[in-house]
Amino acid sequence: MTLPILNLIKAQIDDLELIVYSNLPHSLLKSRINVDFEYIGGIDDFGFVMNSATSVDLDATAKAYNLRHLDWQNRLEAEADRLKSARANLLIANIPYVTLAAAGHLNLPAIALSSLNWFDMYQAYLGERPEAGGILERILEAHAAAPKFLKPTPCLPMEQLRGLAEMIELGPSARIGLKDPDGLRKQFEIPAQDRVGVVAYGGIDSRLPVEDWPVMEGWIWLVPQGWGMTRKDFRAFETSGLAFPDILSSSDLVVTKPGYGTYTEAACNEVAVLAQDRHDWPETPFFDAWMKQNARYASVPEKRILAGQISDQIEELVAMNPPECPQPTGIATSANIILEEIQKLR
């Protein structure tokens, strides 16, 4: 969501110094950001503690939030010191609320950019706990540091934040790949008549038991190399040397979990999507509504994906006529809004 916007901003202002403050690996960011940038790791942002790609560990998450907020002042000052040492003039936040609070503490201009926020997410899972009131109040206060909140579609409504920031709903933000199905098949040595499915769970290090999947006639599956699949109907993404958007765009279908990046990239690259049901995830109803309008899309229970009982669904999906392909207009719109703020600071 954020990285295509950063690429476009840096392309517009050549002398802009870009600092990326993140817990994502430096190598991953370098593979997706097309310009030079300074990397700072260790941001105070964990979101949820996960049991798996789709299961939140509620007790561990509650404990982590409690520890953070019991030590709030020290956390806030430490984050403010990190921001101050970075010499930043503007913070673009997706969407670490401690860092936003630190920006407010320093009077550092900030813009929020995300399809979700941690007030709504915490409230959905932990809002009934006795300590929730004080934590939610602090999270809400932190968002006041960003007078503008850019919301790429599809996104949460964020009603509780409307009094704190100007909520600007945008088109989707998604990378567009080079669509070359023939080239993809050549790279992976896949027969021309076979369909290609990608299994991608949105960057979460969680392995599906795909070795238990039945062989689905006429289908070849692309999976992470770390899964160690040697069956003839599987290939590893990384062996092709192709960028992931090019792999996705050139495939017929992706099997995934609900998540902004994979959903919007599949829809904007006209790739069919079979998703794992995730009814507890707050974004799911908004993702579902948008995907049903903008993509060939269906969801099935987790147990069916784990067992590979998906052949009927994937055949139905690829046989459907695709809707009009959405365009990732949120990239340019977000970049223009941020560029205006940068010009004000110059």
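Located above this text is the structure these notes cover.
Figured I'd write up the structure that's included with this text. Counting starts from 1 at the beginning of each chain's written sequence and moves along it residue by residue. Selection of residues for local features in this predicted model requires a pLDDT of at least 70, selection of side-chain atom pairs for listing and counting requires 80 or more, and totals for whole chains, interfaces and linings are taken over all residues. Water and hydrogen atoms were dropped before computing side-chain values, which therefore reflect all heavy atoms in the structure.

## Some points on the side chain of Thr264
Turning to step 1, where the next piece is worked out: Starting at the N terminus, helices and strands are each numbered in turn, a helix being any DSSP run of H or I of at least four residues and a strand any DSSP run of E of at least two. Locating Thr264 in the fold gives a position in helix α10 (residues 260–268).
Turning to step 2, where the next piece is worked out: Judged by its relative accessible area of 0%, Thr264 is buried.
Turning to step 3, where the next piece is worked out: Within 3.5 Å is the distance limit for a polar contact, defined as a pair of N or O atoms, with the added protein rule that one can donate a hydrogen and the other accept it, and that residues adjacent in sequence qualify only through two side-chain atoms. Within the local environment of Thr264, its side chain forms a polar contact with the backbone oxygen of Tyr260, the two atoms lying 2.8 Å apart.
Turning to step 4, where the next piece is worked out: The residues touching Thr264, leaving out its near neighbours within four places in the chain, are Thr153, Pro154, Pro172, Ser173, Ala174 and Trp290. To sort residues, take the accessible area from a 1.4 Å probe on protein chains only and compare it with the maximum for the residue type: under 20% means buried, over 50% means exposed, and anything in between is partly exposed. Residues count as neighbours in contact if any of their non-hydrogen atoms are within 4.5 Å of one another.

## Points about the sheet that holds strand β6 (residues 166–170)
Turning to step 1, where the next piece is worked out: In space, the four strands of this open sheet follow the order β3-β4-β5-β6, with parallel pairing throughout. Every interior strand has two partners, whereas the edge strands, β3 (91–93) and β6, have only one. Within this sheet the neighbouring strands show an average axis-to-axis angle of 20°, counted without direction.
Turning to step 2, where the next piece is worked out: Being paired, for any two strands, means DSSP has found at least two bridges between them. Note: strand β5 (residues 148–152) against β6, five bridges, orientation parallel. By the bridge assignment for β6, Pro152 is matched with Leu170.
Turning to step 3, where the next piece is worked out: Helix axes are fitted to C-alpha atoms over the stretch in contact, other axes to C-alpha atoms as well, and angles between N-to-C directions run from 0 to 180 degrees. Contacting β3 and β4 (110–113), helix α5 (residues 97–106) crosses the sheet at an angle of about 155° to β3.

## Structural notes on the sheet that holds strand β11 (residues 272–276)
Turning to step 1, where the next piece is worked out: The strand order across the open sheet built from six strands is β9-β8-β7-β10-β11-β12, with neighbouring strands paired in parallel fashion. Among the strands making up the open sheet, the edge pair consists of β9 (234–236) and β12 (297–300). Pairwise comparison of adjacent strand axes, ignoring direction, gives a mean angle of 25° for this sheet.
Turning to step 2, where the next piece is worked out: Sheet topology note: the β11/β12 ladder contains four bridges and is parallel. Considered in β12, the bridge of Gln276 is made with Val300.
Turning to step 3, where the next piece is worked out: Against the sheet, helix α8 (residues 181–188) engages β7 (195–199), β8 (219–223) and β9, with an angle of about 75° to β7.

## What to know about helix α4 (residues 72–86)
Turning to step 1, where the next piece is worked out: Taking 1.5 Å per residue as the helical rise, α4 with its 15 residues ought to reach 21 Å, and the 21 Å between its terminal C-alpha atoms agrees with that figure.
Turning to step 2, where the next piece is worked out: Residues Trp72, Leu76, Glu79, Ala80, Leu83 and Ala86 constitute the buried set of α4. Down the axis, α4 shows its buried residues gathered within 120° of arc, on one side only. Seen from the open side of α4, the exposed residues pointing more than 90 degrees away from its buried face are Asn74, Asp81, Lys84 and Ser85.
Turning to step 3, where the next piece is worked out: Residues of α4 that are buried in the fold lie against β1 (19–21), β2 (38–40), α3 (58–70), β3, α5 and α7 (132–143). Expected helix span is given by 1.5 Å per residue-to-residue step, counting one fewer step than there are residues. Throughout, the arc means the angular range of directions from the helix axis out to the C-beta atoms.

## A look at the environment of Gln73
Turning to step 1, where the next piece is worked out: Inspection of the secondary structure assignment puts Gln73 in helix α4.
Turning to step 2, where the next piece is worked out: For the pair Gln73 and Val255, spaced 182 residues apart in sequence, the C-alpha separation works out to 43 Å.

## Brief notes about the pattern of salt bridges
Opposite charge on two side chains lets them pair, provided their charged atoms get close.
Turning to step 1, where the next piece is worked out: Salt bridge criterion: a side-chain nitrogen from Lys or Arg within 4 Å of a carboxyl oxygen from Asp or Glu. Using the criterion set out here, one finds 16 salt bridges in the structure.
Turning to step 2, where the next piece is worked out: In this structure, Arg82 engages Glu79 in a salt bridge whose closest nitrogen and oxygen atoms are separated by 2.5 Å. Highlighted residues: Arg82 and Glu79, both in helix α4, separated by three residues, approximately one helical turn.
Turning to step 3, where the next piece is worked out: The partly exposed category is assigned to Arg82, whose relative accessible area is 32%.
Turning to step 4, where the next piece is worked out: By relative accessible area, Glu79 is classed as buried at 0%.
Turning to step 5, where the next piece is worked out: When salt bridges that share partners are traced, they join Glu17, Glu38 and Arg87 into one network.

## So, the packing of aromatic side chains
Any two aromatic rings considered together are summarised by their centre-to-centre distance and by the angle between their planes.
Turning to step 1, where the next piece is worked out: Each pair of aromatic rings taken from Phe, Tyr and Trp, with Trp reduced to its six-membered ring, is defined by centres within 6.5 Å and is described as stacked if the planes are under 30 degrees apart, edge-to-face if over 60, and tilted in the remaining cases. Under the definition given, this model contains 14 aromatic pairs.
Turning to step 2, where the next piece is worked out: On the basis of an interplanar angle of 75° and a centroid distance of 5.6 Å, the ring pair of Tyr263 and Tyr297 is categorised as edge-to-face. Of this pair, Tyr263 sits in helix α10 while Tyr297 sits in strand β12, and the two are 34 residues apart along the sequence.
Turning to step 3, where the next piece is worked out: Clustering of aromatic rings is evident, with ring pairs tying together Phe46, Tyr65, Trp72, Tyr97 and Tyr122.
Turning to step 4, where the next piece is worked out: Should the NZ of a Lys or the CZ of an Arg lie within 6 Å of a ring centre and within 35 degrees of the ring normal, that charge is described as sitting over the ring. In this arrangement the basic side chain of Arg68 is found over the ring face of Tyr65, its NZ or CZ atom lying 5.7 Å from the centre.

Any functional reading would require information that these geometric values do not contain.
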